[in-house]
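Per-entry structural report
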Amino acid sequence: MQNAAESSEQTLPLLPEEQLIAIVDAVASAISTSTTSSTGRLSLRGHLYTILLNYLRFIEPTTEDVRQRSLTAIVQKDANKVIDRIVRDALDGIDVLKTLALTMLDALVQLGSRASSTEILVPLMTSHVGNLIKSLHDAQLPRSYASSPEFANKLYVYEAKMRVLLRLAQLDPISLLNKGLLAELSRNPILQGSSDFSDHIDPVSTDPEVYQNMHAWLMPVLQLLLCLVAGKRNSSAVKSKVRLRAAVKSLNSSSCLI
Amino acid sequence: MVEFLAHNVATFELLLQDRRAPTLTSLTTLQYISGIYYHTASFHAQAPASASVPTTKATKLILQLLAKYGQRRWLQNLKAITSADSELLTVPATLFVPVPGIYNPSALHQQAEAISVQICRNLISYCRAIDLAPPTELAKFKPLFVPSLALDEASERTA
């Protein structure tokens, strides 16, 4: 029985590579040309993001594969429009679409950094990261930390947004600091002490869900802060090394002259 | 960044006090906070003397944390909070040096201890960074690590 199942799996016809890439190309162009915000269109875009995300997951283990390069080429072709559409959905869509769009952005940042693609990363870092940071303002304010579908939706959007920012902070922490990320993070209600965090810090007397939810709200901020300080420190260490190398080089050249 | 820490000092100190029973969540929080303090230690040291940097209290709390997590007694008070934690409690530990009072060490204990090692690493690095501050700023701090074999004045005189 098992052998029969295995043999039927082995004989499954595979979609030819060109057709697969043509489908992905069509999905990417459908995302970039879909501009309306009717419910049907929103739902359609959600499905398109899911298809692309699944494809990204499908090709992930093989980084140097031809599929990886073709997907990068497809996204790069119309990167501005595709990224613009995804960021709009990440900021203005309904919660489910926001989460999907942010997860898509996270995957694109990974793809862009793996392929060192300026076409993907530059528009994100220059035009959109500021809006993502500003949007933290509303996202950071849950009404209550008790578990509910409303809280879960807000948490998923918040976590997905923080994950994108974390990924971007790993690439260029200074840009994010210059765009005012710290000021927005300061508004986190737990950091400000405005959400009774001190009353819910004891795991024995606090409702476990509230305890966990409060920490879930605080943890991405700490993770992002750590990434920013470590990145800033490393980038200044790299600058010092570059300066040191330049000094040694000039010293060597001057000693050669002597 | 130092200003950010100073602005939110109440929450950071509350977390550094770490008075409650440890959980995987609280340990992960401490891991991040200790990492933030470690990476900003050099900024603290470089900050002008006039800047209102709450380093001294944080350093005291950090030394207390180091004393707490430098030993393994805290593992006896470890609490499982989430269902994932409870699952881990049922899985036996594979690499765990026995601790008095813990008869069935679980994967939860093992994971918590791994995080605590990272916390200690960050705390020690913070203390070293503060200790190695440039001479102009060193006067602000008392040395945190003093060589235990250093000769005191009396033994110097007799030597």
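Rules and cut-offs
Residues numbered from 1 in each chain as written. Chains lettered and ligands numbered in written order. Predicted model: local features only at pLDDT ≥ 70, side-chain atom pairs only at ≥ 80, totals over all residues. Helix = DSSP H or I, 4+ residues; strand = E, 2+ residues; numbered from the N terminus. Buried ≥ 20, exposed ≤ 12 C-beta atoms within 10 Å, placed from the backbone. Contact = placed C-beta atoms within 7 Å. Core = buried A, V, L, I, M, F, W, Y, C linked by C-beta atoms within 7 Å. Domains from an automatic or database assignment. Nonpolar A, V, L, I, M, F, W, Y, C, P; charged D, E, K, R; others polar. Axes fitted to C-alpha atoms, helices over the stretch in contact; angles between N-to-C directions. Parallel < 35°, antiparallel > 145°, perpendicular 65-115°, else oblique. Left-handed = near helix turned anticlockwise from the far one by under 90°. Expected span 1.5 Å × (residues − 1). pLDDT = per-residue confidence, 0-100. Arc of directions from axis to C-beta.

Here we take up the overall build of chain B. A tally of regular secondary structure across chain B gives eight helices and zero strands. Secondary structure elements of chain B, listed N to C terminal, follow the sequence α-α-α-α-α-α-α-α. Out of the 159 residues in chain B, the part that is buried amounts to 31%. Excluding contacts between residues fewer than 6 apart, the proportion of contacts in chain B whose partners are at least 24 apart in sequence is 67%.

Of regular secondary structure, chain A possesses 13 helices and zero strands. Traced from its N-terminal end to its C-terminal end, chain A shows the element sequence α-α-α-α-α-α-α-α-α-α-α-α-α. The buried share of chain A, reckoned over its 258 residues, is 31%. Considering only residue pairs separated by 6 or more positions, chain A has 75% of its internal contacts joining residues 24 or more positions apart.

Another point: the nonpolar core. Counting 88 residues, the largest nonpolar core has Val75, Leu105, Leu224 and Leu225 of chain A together with Ile33 of chain B as the members making the most contacts within it. Of the residues forming this core, the biggest block, twelve residues, is contributed by helix α13 (residues 208-257) of chain A. Of the residues that make up this core, three or more belong to each of domain 1 (15-124) and domain 2 (135-233) of chain A. Non-local contacts of Val75 of chain A, meaning those with residues more than four positions away in its chain, are made with Ala28, Val82, Leu108, Leu111 and Ile120 of chain A.

The figure often quoted for interface size is the accessible area lost as the parts come together. Residue and element names in this part refer to chain A. By the assigned domains, chain A splits into domain 1 (15-124) and domain 2 (135-233). Distance between the C-alpha centres of domain 1 and domain 2: 26 Å. Counting residues per element, the side of domain 1 that touches domain 2 draws most heavily on helix α6 (residues 95-114), which supplies ten residues. The class makeup of the residues in the side of domain 1 that touches domain 2 is five nonpolar, four polar and three charged.

On the side of chain B, 22 residues touch chain A, which itself brings 24 residues to the contact. Breaking the side of chain A that touches chain B down by element, the ones donating at least two residues are α11 (181-186), α12 (189-192) and α13 of chain A. Looking at which element gives the most residues to the side of chain A that touches chain B, the answer is α13 of chain A, with 13 residues. The residue makeup of the side of chain A that touches chain B, split by class, is 16 nonpolar, six polar and two charged.

With that settled, consider the packing of α6 of chain A against helix α9 (residues 149-171) of chain A. Residues and elements named next belong to chain A. Interhelical geometry of α6 versus α9 gives an angle of 15° and a closest axis separation of 9 Å. Classified by the angle their axes make, α6 and α9 are roughly parallel. For α6 against α9, the interelement crossing comes out left-handed. On α9, the residues that touch Asp95, Lys98, Thr99, Leu102, Thr103, Leu105, Asp106, Val109, Gln110 and Ser113 of α6 are Asn153, Tyr156, Val157, Ala160, Lys161, Arg163, Val164, Arg167, Leu168 and Leu171.

It is worth spelling out the packing of helix α5 (residues 79-92) of chain A against α6 of chain A at this point. Residue and element names in this part refer to chain A. For the pair α5 and α6, interaxial distance at closest approach is 7 Å and the crossing angle is 140°. By the angle between their axes, α5 is oblique relative to α6. Judged by the twist between their axes, the crossing of α5 over α6 is left-handed. Contacts between α5 and α6 involve Ile86, Val87, Asp89 and Ala90 from the former and Leu97, Lys98, Ala101, Leu102, Met104 and Leu105 from the latter. Classifying every residue of the contact of α5 with α6 gives eight nonpolar, no polar and two charged.

Turning our attention to α6 of chain A. The periodicity of an α-helix, 3.6 residues per turn, causes residues three or four places apart in sequence to face the same way. The terminal C-alpha atoms of α6 of chain A lie 29 Å apart, and with 20 residues this matches the ideal 28 Å at 1.5 Å per residue to within 8%. Of the residues flanking the end of α6 of chain A, it is Ser116 of chain A, one or two places downstream, whose phi is positive at about 50°.

Our next topic: the confidence of the model for chain B. All names here are of chain B. Per-residue confidence for chain B gives a mean pLDDT of 78; residues scoring 70 or more make up 75%. Within chain B, the element-level pLDDT minimum falls on helix α8 (residues 153-158), averaging 49, and the maximum on helix α6 (residues 107-131), averaging 90. Counting interchain partners and residues more than four positions distant, the pLDDT-below-50 stretch residues 155-159 has two contacts. Scored as a whole, the predicted complex attains pTM 0.79, and scored at its interfaces, ipTM 0.77.

Next up on the list: helix α2 (residues 17-33) of chain A. All names here are of chain A. Between the first and last C-alpha of α2 there are 24 Å, a value that for 17 residues agrees with the 24 Å anticipated at 1.5 Å per step. Regarding α2, the residues found buried are Val24, Ala28 and Ile31. Projection of α2 onto a plane perpendicular to its axis shows the buried side chains occupying an angular sector of 55°, all on one side. Exposed side of α2, more than 90 degrees from the buried face: Glu18, Gln19 and Thr33 are the residues found there. Against the buried residues of α2 lie α3 (39-59), α4 (66-77) and α5.

Residues and elements named next belong to chain A. Mapped onto the secondary structure, Ile83 falls in helix α5. Looking at Ile83, the number of C-beta atoms within 10 Å reads 26, which means it is buried. Note: C-alpha distance between Ile83 and Ile120 (37 residues apart in sequence) is 7.8 Å. Sequence-distant contacts of Ile83, that is, excluding residues within four places in its chain, are made with Pro123, Leu124 and His128.

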